[in-house]
Amino acid sequence: MNTLTGTITAIQSHDNLSLVKVLSNDASFTSIVLDTPAITDYLTIGNTIRLLFKETEVIIAKNFDIAISVQNRIPCSIHSIVTGVLLSQVNLSFGNVMISSIITTNAVKQLGLQENDTVLALIKTNEVSLSPHD
């Protein structure tokens, strides 16, 4: 599980949903949560929270000029690749933070991924969970 620390910068709520923007290591993340500031006290602009997302939910793109609905687009550098028979773990760095992506080994080969390549990590808004920072 990828775990980052960030600060809530904006909240947009409607009914029982909130679209929460979080700044983590100069990267902006968006998460949709089934709570609102009225019923959950950690949802406050300026609060420090944790962002959590699975390695299998991190998509890697080499083309930065891509028209796609994914809101979380984090420019990264490939730190290392652990190649397996079917799946590979691609370890990415942005700023001084590391996140991991698990993609098929076939995708690693098709994209020609190598250490030090600059890529875009894509994470769907509904795949980023938030939790209070203790």
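An account of the accompanying structure is given in this report. (Residues numbered from 1 in each chain as written. Predicted model: local features only at pLDDT ≥ 70, side-chain atom pairs only at ≥ 80, totals over all residues. Heavy atoms only, no water.)

Strand order across the open sheet formed by 5 strands is β5-β9-β6-β7-β8, with antiparallel pairing between neighbours. Each having just a single partner strand, β5 (59-61) and β8 (97-104) make up the two edges of the open sheet. Strand-to-strand twist in this sheet, taken as the mean axis angle between neighbours without regard to direction, amounts to 45°. In this structure, β5 lies alongside strand β9 (residues 118-123), joined through 3 bridges in antiparallel fashion. The residue of β9 that forms the bridge with I60 is A121. (Pairing = 2+ DSSP bridges. Helix = DSSP H or I, 4+ residues; strand = E, 2+ residues; numbered from the N terminus. Axes fitted to C-alpha atoms, helices over the stretch in contact; angles between N-to-C directions.)

By the secondary structure assignment, T125 is in the loop between β9 and β10 (129-132). Using a relative accessible area of 16% as the deciding quantity, one classes T125 as buried. (Buried < 20%, exposed > 50% of the residue type's maximum accessible area, 1.4 Å probe, protein only.)

Take a nonpolar patch on the surface next. Among the surface-exposed residues, L17, L19, I32 and L34 lie close enough to one another that they form a single nonpolar patch of about 340 Å² accessible area. Locating I32 in the fold gives a position in strand β3 (residues 27-33). A residue is classified by how much of its surface remains accessible, and I32, at 35% relative accessible area, is partly exposed. (Patch = residues over 30% accessible without salt bridge, like charges linked within 9 Å, V, L, I, M, F, W, Y side chains within 5 Å. Areas by Shrake-Rupley, 256 points an atom, 1.4 Å probe, with all protein chains shown as cover. Salt bridge = Lys/Arg side-chain N within 4 Å of Asp/Glu carboxyl O.)

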